[in-house]
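Geometric and topological summary
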Amino acid sequence: MKRLLICLFSFSLIIVQAQDSTVPVNPALLIYRASFPHINDLVHTKLDVRFDYTRSYMYGKAWITLKPHFYPTDSLSLDAKGMDLKAVSLLKGKQLLPLKYNYDGSTLNIHLDKTYRNTENYTIYIDYTSKPYELKVRGSAAITDARGLYFINPLGTEKDKPTQIWTQGETESNSAWFPTIDKPDQKCTEEISMTVPAKYVTLSNGKLISQAKNGDGTRTDHWKMDLPHSPYLFFMGVGDYAIIRDSYKGKEVNYYVEKEYASVARQIFGLTPEMMAFYSRILGVEYPWVKYSQMTARNFVSGAMENTTATLHMDGLQQDARELADGNKYEDYIAHELFHQWFGDLATTESWSNITLNESFANFSETLWFEYKHGKDAGDAVNYHDIEHYLADPSNPAKNLVRFYYADRESLFDMVTYSKGGRILNMLRNYVGDSAFFKSLNLYLENFKFKNAEAQNLRMAFEQVTGQDLNWYWNQWYYGSGHPIFDISYQYDDSKKMALVVINQVQETGKIFRIPMAIDVYEGGIRSRHKVWLDHAGDSFYFPYNKRPDLINVDGDKIILCQKQDHKTLENFIYQYEHAGRYLDRREAIEYCAQHQDDPAARALLIKALKDPYFELKNMTMNLIDYEKPGVKVAAEPFLLELASNDPDRTVQGNAIGQLGAYKKEEYKDLFLKKTADSSYSVAGNALAALSLLDEAHAYQVAKKLSKSPARGDLFFVMSTLFILEEDTATFEQIIEGFQKIPLGEQKVAEAPQLFAGLIAKTKNTDQVKRAVDVITLFSEDFPPGEKKEMNKLINSYLKQVADLKVSQGLKEQADYINKMMR
Ligand SMILES: [Zn+2]
């Protein structure tokens, strides 16, 4: 599963503070979460389902084959959430023998007809109705929705929204649509017959083995999964999709998108076969399943989910051609879910406590893919940003990676499990070396394919391959919490020709981390590497020299998961930018220089970094430069002009155009005008904004022309802002409609409250006010509960100001409506 980061990331601080101050220790935190006892094991699940779109029900028949795990038993307990049960029987030959059972709406306890031994299979038949929208206990609804089965716009009453059905199992929600043992350490083969309106297509796990048209306008699709996998990975999707067909080594690779995205589906998903080849090669385990499909979902409850052979993504992946001109924003999602097909689906965590075995790997796979496909800088950037994600929530350092105590299993899907866990794997890779690392992953996969594992099994695979004891690493990083915070200082004694590096661990917990590390000493243009261990509150290292080193680069591979105060000089950092060369070496130097822009040498480095080889560092430098410092504007201008005109990355072009706009120079007007027609929204949007600084009336005319085509991204928000500033109320309905068509993403979340506040403030038309208020107050409706609250708070703070303004303008009816609708 991949969490939609936008919300978690932006609001986590606020949520955490609220919890700290009000909630006493949850008694559920005191329960040791043992792995689930096996009494019976699933062998095969066969389902026959059809859907009631009017009531959002599913009518199901299930044939569930099981056998006792070890000890003989005469009873069976199944998870079955909120179902109506019509029959519970034993299949004896062709006969159905009714069985006695108890059902409390959540667990179905069945008395079998006799005691079975673990050499005997038996098959239970259950006729049931699944009613996901009437579920009383919705799992961990505090954090995620947990209906299992979702009907999107089932009656077709919502304009511009397709009718879809899809499922989301993880963690234990699939038992809302079929009776099962809903635990990750159960695995079975399965088949599903889905009867759906003939106009729709379906997707499920495994292979589509037959399709039969029925007389009543429906069709029955029969999907079969011949290899065992866990119930939480079972999936069904139904809707009006275009299917774009691709392949990998003769296996079907399909992309299910809403029809208007058919022409760009390959641009969005088309790297999938290359990813399959890459992951198969580095793991030494071929893609294990019969096919791989990816589908998009409206109102998805997560970012994406790795259902075996049938990944479901949020609809945000459906970018249009002009968004894709800026690059596919969700390539990481595609890589992440695909890697799960090995880590998660093939070798699966034994319990939710060990979810690191699924999620840390999938997270880490993003680094691997970006490094392979887009170069070392891109991989390092993913790695660095994940450390930021982990650090963004101050409660994270207190959490172990493997957590046997938790209040809510959904809470395990956090940035410790994802981002920190991924970094722990990346450090391990650096420590043991690529060849041992991938050999160990191969051994682990071979040992646990179609089975379940816990984190210790991973350690044992690494120990077997490397011949080293790795308990210390697992105890520190998997069964421990936190990270080191270093204070690094340097002394040079030119008379003794000796450098001293002191690395103190200053984390408040007092816990000392054991860290293998490379220290690079640069002397006379030559780098010498020293491998050291840190294992004290303070470690000192002496390095002899002939000429005082230009740089001593602690953590030469920039691989350690840490925070640090590094007391280098400006000269050291400038040298580091030019010679150490990694993404983080350069990033640190740029950040340091940005904080010392009074120094001409720092300013010179920043101007130089405008030509950094990596697009993100170019963007960062442009944003950090203080153009008011002496000489900077003039020095930066030719670089900005070059970036604005020719940079291969459109986000860099757009950013540079935006920066040049602030120069307000008539001579750039033609460039800006030309760039307003660029295919990239960020280039066109920034060009329009730059033009408006020179000539607002002209920019407005251009915007009027551009608004005849749909727009998203920067272009949409700049155009809308211009229309609002010009009080062009005739365009306001178009702005609202355009806004609604943009899939949920970071920019939409960030800009929505202000945009609507401006729009509502500027219009005097009461119907228009009401319409805009309705849309913005509903905006957060599909957010997870915690984030919904925070978003509403933010929207309300804007609306409150607008309501006050309306009162001062004597528009009381409008003010009343705004106040009434605030959530
Ligand atoms: Zn995941």
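In this text, all values refer to a predicted model and were calculated from it rather than measured experimentally.

Re the sheet that holds strand β29 (residues 563-566)
With mixed pairing, the 4 strands of this open sheet are ordered in space as β27-β24-β23-β29. Both outer strands of the open sheet, β27 (538-544) and β29, are each paired with one neighbouring strand and no more. The sheet shows a mean angle of 20° between the axes of neighbouring strands, taken without regard to direction. Here strand β23 (residues 485-493) runs beside β29; their pairing, made up of 4 bridges, is parallel.

Section: the packing of helix α17 (residues 650-661) against helix α19 (residues 681-694)
Across the interface, α17 lies against α19 with an axial gap of 8 Å and an inter-helix angle of 5°. When the axis of α17 is compared with that of α19, the two are roughly parallel. Across the interface between the two elements, Arg650, Thr651, Gln653, Gly654, Asn655, Ile657, Gly658 and Gly661 from α17 touch Ser682, Val683, Asn686, Ala687, Ala690 and Leu693 from α19. Among the residues forming the contact of α17 with α19, the class breakdown is 5 nonpolar, 8 polar and 1 charged.

Description of the pairing of strand β16 (residues 241-248)
Examined bridge by bridge, β16 and strand β17 (residues 251-258) share 8 bridges and lie antiparallel to one another. Note that in β17 the partner of Ile243 across the bridge is Tyr256.

What to know about helix α21 (residues 713-725)
Over its 13 residues, α21 runs 19 Å from end to end, which matches the ideal 18 Å to within 8%, given 1.5 Å per residue. Of all the 13 residues making up α21, 10 are buried; the element is thus mostly covered by neighbouring parts of the structure. Among all positions of α21, only Gly713, Leu715, Phe716, Phe717, Val718, Met719, Ser720, Leu722, Phe723 and Ile724 are buried. Contacts from the buried residues of α21 go to α4 (321-324), α19, α20 (696-706), α22 (732-741) and α23 (746-762). At the exit of α21 stands Glu727, carrying a positive phi of roughly 50°.

Thoughts on the pattern of salt bridges
Evaluation of the coordinates by the stated rule reveals 61 salt bridges. Between Arg55 and Asp52 there is a salt bridge, with its nearest N and O atoms 3.4 Å apart. By relative accessible area, Asp52 is classed as buried at 12%. Residue Asp240 is joined to Lys259 by a salt bridge in which the shortest nitrogen-to-oxygen separation is 2.7 Å. Taken together, the positions of Asp240 in the loop between β15 (236-239) and β16 and Lys259 in the loop between β17 and α2 (265-269) put the pair 19 residues apart, joining distant regions of the chain.

Some remarks on the packing of aromatic side chains
The relative placement of two aromatic rings is captured by the distance of their centres and the angle of their planes. As enumerated under the stated definition, the model contains 59 aromatic pairs in all. Their ring planes at 55° and their centres at 5.5 Å tell us that Phe739 and Phe779 sit as a pair that is tilted. Note that Phe739 is positioned in helix α22 and Phe779 in the loop between α24 (766-778) and α25 (785-808), a separation of 40 residues in sequence. Under the relative-accessibility criterion, Phe739 is labelled buried at 1%. An aromatic cluster is built from Phe278, Tyr279, Tyr287, Tyr292, Phe339, Trp342, Phe343, Phe361, Trp369, Tyr372, Tyr444 and Phe448, whose rings are joined through pairwise contacts. Between Arg514 and the ring centre of Trp533, over which it is positioned, the NZ or CZ distance is 4.6 Å.

Comments concerning unusual backbone geometry
Omega for the bond connecting Glu170 with Thr171 falls within 30 degrees of zero, at 10°, which places this linkage in the cis form. Its place among the elements puts Thr171 in the loop between β10 (164-167) and β11 (188-197). Here Phe450, not a glycine, exhibits a phi torsion of approximately 60°, which is positive. Mapped onto the secondary structure, Phe450 falls in the loop between α9 (434-448) and β22 (451-453). Since its relative accessible area comes to 28%, Phe450 is described here as partly exposed.

Criteria and cut-off values
Position labels on residues start from 1 in each chain and follow its written sequence. Only residues with pLDDT of 70 or above have their local features reported here, since the model is predicted, and side-chain atom pairs are shown and tallied only from 80 upward, although totals for entire chains, interfaces and linings are computed over all residues. Think of the side-chain values as coming from all heavy atoms in the structure, minus any hydrogens and water. When DSSP finds at least two bridges between two strands, those strands are taken to pair. Secondary structure is summarised from DSSP: a helix means a run of H or I of at least four residues, a strand means a run of E of at least two, and numbering begins at the N terminus for each. For every element, the axis is a line fit to its C-alpha atoms; helices are fit only across the contacting stretch, and the angle between N-to-C directions ranges from 0 to 180 degrees. Roughly parallel means an angle under 35 degrees; roughly antiparallel, over 145; roughly perpendicular, 65 to 115; everything else is oblique. By definition, residues are in contact when any of their heavy atoms lie within 4.5 Å. Each residue gets one label: Ala, Val, Leu, Ile, Met, Phe, Trp, Tyr, Cys and Pro are nonpolar, Asp, Glu, Lys and Arg are charged, and the others, such as Gly, are polar. What a helix is expected to span follows from its residue count: subtract one and scale by 1.5 Å. Here's how the labels work: a residue is buried when its accessible area is under 20% of the maximum for its type, exposed when over 50%, partly exposed in between, all with a 1.4 Å probe on protein chains only. The rule for a salt bridge is simple: a side-chain nitrogen of Lys or Arg has to be within 4 Å of a carboxyl oxygen of Asp or Glu. Aromatic pairs are defined between Phe, Tyr and Trp rings, using the six-membered ring for Trp, whenever the two ring centres lie within 6.5 Å; interplanar angles under 30 degrees are classed as stacked, those over 60 as edge-to-face, and all others as tilted. Here, a charge over a ring is recorded when the distance from Lys NZ or Arg CZ to the ring centre is within 6 Å and its angle to the ring normal is within 35 degrees.

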